[in-house]
Protein chains: 4
Amino acid sequence: MILTPLRLILHSMAIENLMSAPSAGLAELYDGFRQEHLVALWTEIGDLMPASPRSRAVPHLWRWREGLLPMARRAGELVPVGRGGERRAIALANPGLAGAPFATPTLWAAIQYLNPREDAPVHRHTQNAFRFVVEGEGVWTVVNGDPVAMRRGDFLPQAGWNWHGHHNVSDTPMAWIDGLDIPFQHYADSTFFEPGPDEVETRDAPPRSRSERLWGHPGLRPLTHLGPAPATPLLAYRWEHTDRALAEQLELEAEGYPATVEPGHAAVRYANPATGADVMPTLRAEFHRIAPGASTAPRKETGSSVFQVFEGTGEVSVGEAAWRVERGDLFVVPSWQALTVATDGGLDLFRFTDSPILEQLHQYRTETGEAI
Amino acid sequence: MILTPLRLILHSMAIENLMSAPSAGLAELYDGFRQEHLVALWTEIGDLMPASPRSRAVPHLWRWREGLLPMARRAGELVPVGRGGERRAIALANPGLAGAPFATPTLWAAIQYLNPREDAPVHRHTQNAFRFVVEGEGVWTVVNGDPVAMRRGDFLPQAGWNWHGHHNVSDTPMAWIDGLDIPFQHYADSTFFEPGPDEVETRDAPPRSRSERLWGHPGLRPLTHLGPAPATPLLAYRWEHTDRALAEQLELEAEGYPATVEPGHAAVRYANPATGADVMPTLRAEFHRIAPGASTAPRKETGSSVFQVFEGTGEVSVGEAAWRVERGDLFVVPSWQALTVATDGGLDLFRFTDSPILEQLHQYRTETGEAI
Amino acid sequence: MILTPLRLILHSMAIENLMSAPSAGLAELYDGFRQEHLVALWTEIGDLMPASPRSRAVPHLWRWREGLLPMARRAGELVPVGRGGERRAIALANPGLAGAPFATPTLWAAIQYLNPREDAPVHRHTQNAFRFVVEGEGVWTVVNGDPVAMRRGDFLPQAGWNWHGHHNVSDTPMAWIDGLDIPFQHYADSTFFEPGPDEVETRDAPPRSRSERLWGHPGLRPLTHLGPAPATPLLAYRWEHTDRALAEQLELEAEGYPATVEPGHAAVRYANPATGADVMPTLRAEFHRIAPGASTAPRKETGSSVFQVFEGTGEVSVGEAAWRVERGDLFVVPSWQALTVATDGGLDLFRFTDSPILEQLHQYRTETGEAI
Amino acid sequence: MILTPLRLILHSMAIENLMSAPSAGLAELYDGFRQEHLVALWTEIGDLMPASPRSRAVPHLWRWREGLLPMARRAGELVPVGRGGERRAIALANPGLAGAPFATPTLWAAIQYLNPREDAPVHRHTQNAFRFVVEGEGVWTVVNGDPVAMRRGDFLPQAGWNWHGHHNVSDTPMAWIDGLDIPFQHYADSTFFEPGPDEVETRDAPPRSRSERLWGHPGLRPLTHLGPAPATPLLAYRWEHTDRALAEQLELEAEGYPATVEPGHAAVRYANPATGADVMPTLRAEFHRIAPGASTAPRKETGSSVFQVFEGTGEVSVGEAAWRVERGDLFVVPSWQALTVATDGGLDLFRFTDSPILEQLHQYRTETGEAI
């Protein structure tokens, strides 16, 4: 039996009718579906199976200096921190996601704010988390009793199900960015939570955490920790190392050696020293430095990202959106929307993504270049 | 600074106030949040970070004989199959998921129906898929040109991005179950789709597919296929093998050897012969046989499952729900809801789950036993 | 400082002198080395670091019908089997390996012989082992209490540190081939051995072992065995499956589909159903079928192989050696010696190798084609 | 048929006879074996399959100050370095290994010596290698054109098949230790070798190599190098990091936190930053610091080690042997021989082993404690 072109046309017409103006018989069928908690694929397939990803999330920019930071300060005046609310954290809510406090379908990004001498109570949860500090210092995050200093430029991962609280030992408030996989675990129904003591176990405030003293030596592993490590045991990735790594990539490029992603674009990935893999099973974090006068080729990826400008200014375009960005600004890149960055004076960007999810489940794709 | 109990109480009261009756200052702050696309964690944390998973999905049962099958037959009379709608498939829509055609947050389950001599057009998509046949035969699914017979009891995986279409060479209609990760890939914004020819490449209808002739020999790999295999290259897992494996587990149990999950409960997992892992990166499939008079201990897992009764009758309870089930009936088990099964006459159950997602991302937990 | 060509020549001359006719000073130095248990690299480098592998092992053929089998029969008359000697096994001793009972530097191959009603006592050792049966039947190998029938064409792996003994329940003697990694573990100083009961735990002689009943179903894993499996849990790979897999590869080739290694050359690898990897950490086993009139392209590999002719006749060349082979004959292929096989009437070949060692340690290389 | 005790005794007697005083028939059989290149297992099993590893290698100590160093200096006067001999390296020859230049069955250890302004010519080989510097400086090893400074305490891995040569830019000679898997690859017949230019590609002598500038930042990976990495891309592990890591482990221990292997025993493993695994597929390297007054519990392992004393003095026992050791001394620990170390004044020990071979092939075992 061969389908003639006419038959094909009739098919298409028939399908169209099914979706727009169903007959009486069809209407009855669809009523039956509803009663039985059923839905026809043929009326939904356009949304469910597009030719390429069409995220509900949209590109969006949140301003730091005039938006997030003043809001957080005001919350610092009005909202206490303690058991129940747990954290004075204000989440980016992607305008495409119907008011949910999710920066992207998978990623949570929030500004957290702690007043002088305040504590954020101890708890643990299955969600993977990290903090990134764009400015300020004075807070220690205490992870399983190990106090970890937080300072400008530091990346502080803290994998699921570890006890943690924060304390501000200084006389100034401090704000930073929290990144988590809350939306993903909410979606996957995998979240457990347990409250701990209302106060952190220790008010010690050493410059280096015990985790750094054990794990912060390049290429060296303590013999006492050779077992499996799905998440990084290193609780602080210090700015001095990140800065130096990026500077050296650009120097190597200038000396004629391959070291950068593309001309003027240095980048490092934060890695689990026990495996070389991403710091946490669901979250990837990177730092990108775009040299003065450089720009990046357009790039699309499946999965989503959140960027924060660490230093400098530049022009960013994501899909149809474009912004001039400056220190502290946060923006999101939804799945399969092309990203480009350009800068006159140089731009330092922190980034985190859900790429480990996509990669491990064999759903990661990327395209780079002018043609995309 | 020590937090006294009184202070803690005040904290809790303060948090409660924040959520119920905000002050004028707070109301203004929340307005500001809304304008800036921000949301406070402290008002949402109860929903976002529960003590244990609280899925929006609910336990639900769909009847086969009096529900799904008559609906599918009626659709067979009213709805053509062809390009655009692609498949005459009717999806289970979990009552907790607001009308979305998703059996669980991650899993798609549908009954598909093909009339005598009908074709379902060729396409490919990143979604991982399989078919499971509870009754009937006569349809061949053609995967990359390889025709695969579909018969009662067969499990027919077909991983993402392979071309496939179906053709019914018989004089009777045929219905079967499709399982896919459509909801997950819709959520993760990772879906690509491409239409192929409107007709299948071949109307050959051999009893065994080429994939089975290459890969269907226990413990033997063709030397021509030694590369990586994120999904199974074996396109048909035949009922005769599944049935025999389960029967032998129960025989071994009767002879006094450990072979069953628990007394009277035999079970196999469909595996990728190239890796021993799950058949597809996002989907696990299993077959369970509960012997006459046996029952299963309560079990909770993170992640969700869909079951179909293949044969027999029994009593199933999922969380607060309970049903008497029979051949063809489908039911869902949401995350962290306890499942028990009991049967007088014996019960054969096909099951598929999103466990590979949970396991690979280190979010899988389970509890078994009377106490849960 | 630039090395002139003259200087280079002088260097080479100097080196040559060092090795052939050392001066008085040098002779004294070398004496000193000997006293201090030291050796100069420069006098040994030619042997230690050749341009490509130069094995001490040589290609060699052992005849079955007129060599191994009569020898084994005679041993059956003269030598008892029991505790101490453990097995009536006669090992192939590669003529290049100075009398050591090693077929190649890493591999042990022996003919084992058991008289009617005889037992080989129970023991366990870290060495990985298998049996392959070129003819006969009547012996059961009992592995951890599970009796496994041995019949013509069967491959019977048995990984290190499992208890095992054999018993002949028949009225005829039986001979078969044992393959082990004895030379490798002897070299690596990793061998442990423990004697068990002098008699096998059971004289049951079922047609199928319990391991086959649990694991012998294509693509199906018992849910009770999901843990790590460095070695295969399947204790018998039956001839009927191997034969069918090879026949189907040649049929697929004839139908125009890619299924064979090269024209007329079908091949399967015995695989661990729990991982898809080799059956044991140090041993690979394969079965090759060369169709009548076909021949194989020359191939070199690092690492060594032992082949046994299962059926048919053919011409084999290994490096400089060449033989006409027939049923039961065994031959070895040392590292990096080119192998070709040709046959008029068809040839079935069992093969085992140390390739997993080479591959896992990133030392595997291969070259194929006329030019090598 | 039941084996009576008497029968067992007769068996054992029979076996003993077979090995000591064979009958005429047996003698004829054994002659036949020899002619056919066959060997009976029952006469060899005691050597081949001992109850636990019995290495031919023996514990042995080579003195640095009065042995190796003077020998190397004398070789520096008498022996040129150049193409053919390739390196002025003098290998430790384990007294148990019949004069072969092998420290253990798998490991090569040699002292290499380079005069002022000398070059060691460029070549590459499949053997994995490293250098460790117990004293001195002034030589750069150039790996694929990247000059890597060698200084006291540095560990400088250089995986198989990378081009490399050395040049001494200083006015003093320099000696260091080379470690390789030459014996293993010689055994496995996997070695390839290729000569390169007679002079190193560059006489640049920068303090840090390009590899360190790309990879030497703790927990940070360059985005340009995300592919597979069977061996470490980091070419220098500097003493300052090793020293600090060890010091901090002992400090943490003193503060009451678990950080050391046992009281007063700090240890790090050199790791591949791209995987967290061993630096090379066949070689493990570690550094151990025993605090003043501390000692180690006896430990046995399968596989072998070579130690070099980096600093301090102490008492070492290996199996039956015992020595007082000092700076530069090298000693070997054969498989399954118990090692203990004790020190009054503190002892720093560099160590390398073949453990990755044993571990990857599932032949690694260890026992620790007073009872062994």
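Residues numbered from 1 in each chain as written. Chains lettered and ligands numbered in written order. Predicted model: local features only at pLDDT ≥ 70, side-chain atom pairs only at ≥ 80, totals over all residues. Heavy atoms only, no water.

Our focus in this paragraph is the overall build of chain A. A count of helical and extended segments in chain A gives eight helices and 23 strands. With the principal axes as the frame, chain A shows a C-alpha extent of 75 × 55 × 45 Å. Classification of the 372 residues of chain A by burial places 64% in the buried group. Of the contacts formed within chain A by residues at least 6 apart in sequence, a portion of 74% connects residues at least 24 apart. Surface exposure of chain A reaches about 12,800 Å², of which carbon and sulfur atoms provide 53%. If the 32 positive side-chain charges of chain A are averaged to one point and the 46 negative ones to another, these points end up 3 Å apart. (Helix = DSSP H or I, 4+ residues; strand = E, 2+ residues; numbered from the N terminus. Buried < 20%, exposed > 50% of the residue type's maximum accessible area, 1.4 Å probe, protein only. Contact = heavy atoms within 4.5 Å. Areas by Shrake-Rupley, 256 points an atom, 1.4 Å probe, with all protein chains shown as cover. Lys, Arg positive; Asp, Glu negative; His and termini not counted. Charge placed at Lys NZ, Arg CZ, Asp CG, Glu CD.)

Moving on to the pairing of strand E5 (residues 119-125) of chain A. Residues and elements named next belong to chain A. Counting buried residues along E5, seven of its seven residues qualify, which places the element largely inside the surrounding structure. Taken together, the three bridges between E5 and strand E10 (residues 164-168) define a ladder with antiparallel strand orientation. In the sheet register, Ala120 faces E10, and the bridge partner there is His166. (Pairing = 2+ DSSP bridges.)

Right, let's talk about the relation of the copies chain A and chain D for a bit. Rotating chain A by 180 degrees about the axis while translating it 0.0 Å along that axis superimposes it on chain D, leaving an RMSD of 0.0 Å. Classification of the inter-copy transformation places it as that of a two-fold axis. Comparing contact sets, 100% of the residues at the interface of chain A also lie at the interface in chain D, consistent with an isologous, same-surface contact. (Least-squares fit on C-alpha atoms with pLDDT ≥ 70 in both.)

One way to put it is that helix H2 (residues 24-35) of chain C packs onto helix H4 (residues 64-78) of chain D with a least axis distance of 11 Å and a crossing angle of 155 degrees. As judged from the angle between their axes, H2 of chain C and H4 of chain D are roughly antiparallel. Crossing angle aside, the handedness with which H2 of chain C passes H4 of chain D is left-handed. Between H2 of chain C and H4 of chain D, the residues in contact are Gly25, Leu26, Leu29, Gly32 and Phe33 of chain C and Met71, Arg74, Ala75 and Leu78 of chain D, respectively. Of the residues belonging to the contact of H2 of chain C with H4 of chain D, the class tally is six nonpolar, two polar and one charged. (Axes fitted to C-alpha atoms, helices over the stretch in contact; angles between N-to-C directions. Parallel < 35°, antiparallel > 145°, perpendicular 65-115°, else oblique. Left-handed = near helix turned anticlockwise from the far one by under 90°. Nonpolar A, V, L, I, M, F, W, Y, C, P; charged D, E, K, R; others polar.)

Next up on the list: the relation of the copies chain C and chain D. Mapping chain C onto chain D calls for a rotation angle of 180 degrees and an axial translation of 0.0 Å; the resulting RMSD is 0.0 Å. Taken as a fraction of all interface residues of chain C, those also at the interface in chain D reach 100%, which identifies the copy contact as same-surface.

This paragraph deals with the side chain of Arg210 of chain C. With respect to the helices and strands, the residue Arg210 of chain C is situated in helix H6 (residues 210-215). Salt bridges are absent for the buried Arg210 of chain C, whose nearest opposite-charge side chain, Asp146 of chain C, sits at 4.3 Å. Polar side-chain contacts of Arg210 of chain C include one of 3.3 Å to the backbone oxygen of Gly145 of chain C. Discounting chain neighbours no more than four positions away, the residues touching Arg210 of chain C are Leu252 and Tyr257 of chain B together with Asn144, Gly145, Asp146 and Pro147 of chain C. (Salt bridge = Lys/Arg side-chain N within 4 Å of Asp/Glu carboxyl O. Polar contact = N/O pair within 3.5 Å; in protein donor to acceptor, adjacent residues only side chain to side chain.)

Facing 41 residues of chain A, the contacting portion of chain D comprises 41 residues. A combined buried area of about 3,600 Å² lies between chain A and chain D, and 61% of that area is made up of carbon and sulfur atoms. Of all residues in chain A, Arg213, Pro218 and Leu223 of chain A bury the most surface against chain D, accounting for 19% of the area lost on that side. The partner of Glu248 of chain A in a salt bridge is Arg208 of chain D, and the shortest N-O contact between them spans 2.3 Å. Here chain A and chain D share 20 residue pairs in polar contact (both at pLDDT 80 or more) between them. Counting only elements with at least two residues in the side of chain A that touches chain D, the list comes to helix H6 (210-215), strand E13 (220-222), helix H7 (239-255), strand E14 (265-270) and strand E15 (284-290) of chain A. The element best represented in the side of chain A that touches chain D is H7 of chain A, accounting for nine residues. For the side of chain A that touches chain D, the class distribution of residues is 19 nonpolar, eleven polar and eleven charged. Judged from the three bridges that link them, E13 of chain A and strand E14 (residues 265-270) of chain D form a sheet pairing that is antiparallel. Bridging across to E14 of chain D, Pro222 of chain A finds its partner in Val268 of chain D. (Buried area = accessible area lost by both parts, 1.4 Å probe.)

Okay, the confidence of the model for chain A next. Any segment with low pLDDT has predicted coordinates that should not be analysed in fine detail. Residues and elements named next belong to chain A. In the predicted model, chain A carries a mean pLDDT of 94, and the fraction of residues at 70 or more is 94%. Below pLDDT 50 for its whole length, residues 1-14 participates in 15 contacts with residues either more than four positions away or in separate chains. Under the prediction, the complex receives an ipTM of 0.94, its pTM being 0.94. (pLDDT = per-residue confidence, 0-100.)

Quick look at the environment of Ile111 of chain A now. Residue and element names in this part refer to chain A. Topologically, Ile111 is positioned in strand E4 (residues 108-114). The spatial distance from the C-alpha of Ile111 to the C-alpha of Leu214 is 30 Å, given a sequence separation of 103 residues. In contact with Ile111, not counting residues within four places along its chain, are Trp64, Leu68, Leu69, Ala72, Arg88, Ala89, Ile90, Ala175, Trp176 and Ile177.

What follows deals with the sheet that holds strand E12 (residues 193-195) of chain A. In sheet architecture, strand pairing relies on hydrogen bonds along the backbone and comes in two forms, parallel and antiparallel. Residues and elements named next belong to chain A. Taken together, the five strands give an open sheet; going across it, the order is E8-E7-E10-E5-E12, and neighbouring strands pair in antiparallel fashion. Each end of this open sheet is capped by a strand with a single partner; those strands are strand E8 (146-151) and E12. This sheet shows a mean twist of 25 degrees between the axes of neighbouring strands, independent of strand direction. Where E5 lies against E12, three bridges are found, and the strand directions are antiparallel. Within E12, the position partnered with His123 by the bridge is Pro195.

The next point concerns the interface of chain C and chain D. Each partner contributes to the interface: chain C provides 98 residues, whereas chain D provides 98 residues. For the pair chain C and chain D, the summed buried area comes to about 8,400 Å², and 68% of that belongs to carbon and sulfur atoms. Among the residues of chain C in contact with chain D, Tyr187, Asp189 and Phe192 of chain C are the three that bury the most area, contributing 9% of the side total. Counting every contact that joins chain C to chain D gives zero salt bridges.

Along the chain, Pro230 of chain B turns up in the loop between strand E13 (220-222) and helix H7 (239-255). Accessibility expressed as a relative area gives 44% for Pro230 of chain B, which makes it partly exposed. Expressed as a C-alpha distance, the spacing of Pro230 of chain B and Leu330 of chain B, which sit 100 residues apart in the sequence, is 28 Å. Apart from residues no more than four positions distant in its own chain, Pro230 of chain B is found in contact with His362 of chain A together with Asn272, Met280 and Pro281 of chain B.

Tallying each qualifying case throughout the model produces 120 salt bridges over all chains. A salt bridge links Arg213 of chain C to Glu251 of chain B, with the nearest nitrogen and oxygen atoms 3.4 Å apart. Placement of the pair is Arg213 of chain C in helix H6 and Glu251 of chain B in helix H7, with the two residues belonging to separate chains. Given a relative accessible area of 10%, Arg213 of chain C falls into the buried group. Notably, a salt bridge pairs Arg152 of chain D with Glu311 of chain D, separated by 2.5 Å at the nearest N-O pair. Here Arg152 of chain D is found in the loop between strand E8 (146-151) and strand E9 (155-158), whereas its partner Glu311 of chain D is found in strand E17 (residues 305-312), with 159 residues between them in sequence. Here Arg152 of chain D falls in the partly exposed class, since its relative accessible area comes to 25%. Classification of Glu311 of chain D by relative accessible area gives partly exposed; the value is 34%. Here the salt bridges do not stand alone but share partners, grouping Glu135, Arg152, Glu311 and Arg327 of chain A into one network.

It is worth spelling out the pairing of strand E11 (residues 174-180) of chain A at this point. Residues and elements named next belong to chain A. With seven of its seven residues buried, E11 lies for the most part within the structure. Here E11 shows two buried faces, one formed by Met174, Trp176, Asp178 and Leu180 and the other by Ala175, Ile177 and Gly179. The sheet contact formed by E4 and E11 spans seven bridges and is antiparallel. The residue bridging Ile111 from the neighbouring strand is Ile177, located in E11. Looking at chain direction, strand E6 (residues 129-132) and E11 are connected through four bridges and run antiparallel. Considered in E11, the bridge of Phe132 is made with Ile177.

The least C-alpha distance between chain A and chain C, which are not in contact, is 14 Å. With no contact formed, the shortest span from any C-alpha in chain B to any C-alpha in chain D equals 14 Å.

The next point concerns the packing of aromatic side chains. All told, the structure shown has 90 aromatic pairs over all chains when counted by the stated rule. Note on Trp323 of chain B and Phe331 of chain B: the rings are 5.7 Å apart at their centroids and 40 degrees apart in plane angle, and the pair reads as tilted. The exposure classification of Trp323 of chain B matches that of Phe331 of chain B, with both residues buried. Aromatic rings pair up to connect Phe130, Phe132, Phe155, Tyr237, Trp239, Tyr270, Phe287, Phe310, Phe350 and Phe352 of chain A into one cluster. Against the face of Trp161 of chain A rests Arg365 of chain B, its NZ or CZ located 4.4 Å from the ring centre. Cation over ring: Arg210 of chain D sits above Tyr257 of chain A, and NZ or CZ is 3.5 Å from the ring centre. (Phe/Tyr/Trp six-rings, centres within 6.5 Å; stacked < 30°, edge-to-face > 60°. Lys NZ or Arg CZ within 6 Å of the ring centre and 35° of its normal.)

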